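Below, each chain spelled out in residue letters.
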Amino acid sequence: MSEQQGRQRVDVTLSINGKSYTRHVEPRRLLADFIRHDVGMKATHIGCEHGVCGVCTVRIDGRTARSCLHFAVALQGHEIETVEGLSADGRLERLQQAFHEEHALQCGFCTPAVLLTAEEFLAENPSPSDSDIRAALSNNLCRCTGYTNIVKAIARASGREGEAASSGTGDAS
Ligand code: FES
Ligand code: FES
């Protein structure tokens with residue numbers, strides 16, 4: 001592809017959190033960049049850009065996915081959800097409330113992706129053990145390494161106090 005061809009733009013229309021957004025972008029525009037830079041939803045973060053860290057996690061047709069690994073143009077006709085779609089009318093939903101109560105974030109960079117991962121996980125495993133939760137989080141890197149309180153928050157959202165509750169805070173395990 002020539003440089004000029006690479007700069008051609010097309011209209012891309014995506015449904016994000018139930019609303020339709022059309023932007024004039026290059027065909028190679030990544031979903032993460034479309035959401036964050038073209039639409040302006042800043043909670044979808046970008047880290048490694050090659051599918052490792054998980055901070056770009058969104059939902060595509062109800063399943064979590066790395067938005068840095070998808071071209072926006074290929075997702076027309078699909079339903080995209082970001083963390084902004086989690087709470088209705090500005091009210092925190094139960095996981096967000098649990099993160100608030102357990103102080104389960106430090107810088108917050110990983111938090112939107114962790115919330116989406118945890119919500120999907122709890123839908124499939126409503127009564128998880130702490131080790132189940134840790135396994136579910138293995139694809140989401142927290143640079144602040146505050147996993148203990150994240151595990152406690154997810155346990156709280158599931159309706160129980162986490163075993164981690166008595167093991168202190170902020171470790172990297
Ligand atoms: Fe997508 Fe790291 S930015 S996985
Ligand atoms: Fe800082 Fe997870 S809270 S990266």
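Above this note sits the structure.
Residues numbered from 1 in each chain as written. Chains lettered and ligands numbered in written order. Predicted model: local features only at pLDDT ≥ 70, side-chain atom pairs only at ≥ 80, totals over all residues. Heavy atoms only, no water.

## Side note on the packing of helix H3 (residues 94-101) against helix H4 (residues 111-124)
When two helices pack together, their arrangement is given by the angle between their axes and by how far apart the axes lie. Our working rule: Here an angle of 0 to 180 degrees is reported between the N-to-C directions of two axes, which are lines fitted to C-alpha atoms, with helices fitted over the stretch in contact. Helix and strand labels come from DSSP, where a helix needs a run of H or I of at least four residues and a strand needs a run of E of at least two; each type is numbered from the N terminus. Working rule for angles: under 35 degrees goes down as roughly parallel, over 145 as roughly antiparallel, 65 to 115 as roughly perpendicular, anything else as oblique. A clockwise turn of the near helix away from the far one marks a right-handed crossing, whereas an anticlockwise turn of less than a right angle marks a left-handed crossing. We call two residues in contact whenever any of their non-hydrogen atoms come within 4.5 Å of each other. Polar here means any residue other than Ala, Val, Leu, Ile, Met, Phe, Trp, Tyr, Cys and Pro, which are nonpolar, and Asp, Glu, Lys and Arg, which are charged; Gly is therefore polar.
Two elements in contact, H3 and H4, have axes whose closest approach is 10 Å; the angle formed by their N-to-C orientations is 125°. When the interaxial angle is binned, H3 and H4 end up oblique. Remark: the crossing between H3 and H4 carries right-handed chirality. Note on element contacts: H4 touches H3 through Thr111, Val114, Leu115, Ala118, Glu119 and Leu122, opposite Arg94, Leu95, Gln96 and Phe99. Considered class by class, the residues forming the contact of H3 with H4 number six nonpolar, two polar and two charged.

## Details of a nonpolar patch on the surface
Convention followed: Two distance rules govern patches: like charges are joined within 9 Å, and nonpolar side chains (Val, Leu, Ile, Met, Phe, Trp, Tyr) within 5 Å, applied only to residues with over 30% relative accessible area and no salt bridge. Surface accessibility in these figures is a Shrake-Rupley result with a 1.4 Å probe; residues are shielded only by whichever protein chains are displayed. Here a salt bridge means any side-chain nitrogen of Lys or Arg lying within 4 Å of a carboxyl oxygen belonging to Asp or Glu. Exposure categories follow from relative accessible area, calculated using a 1.4 Å probe and restricted to protein chains: below 20% of the type maximum is buried, above 50% is exposed, and the middle band is partly exposed.
Nonpolar side chains collect at one region of the surface, where Val10, Phe71 and Val73 lie side by side and expose about 210 Å² of accessible area between them. Valine 10 gets classed as partly exposed once you look at its relative accessible area, which sits at 30%.

## Side note on the pattern of salt bridges
Enumeration over the complete set of coordinates arrives at nine salt bridges. Here arginine 59 makes a salt bridge to glutamate 119, at a shortest N to O gap of 2.6 Å. Here glutamate 119 lies in helix H4 and arginine 59 lies in strand E3 (residues 57-60), a separation of 60 residues in the sequence. A residue is classified by how much of its surface remains accessible, and arginine 59, at 10% relative accessible area, is buried. Among the ionic contacts, a cluster of salt bridges with common partners joins Arg59, Glu81 and Glu119.

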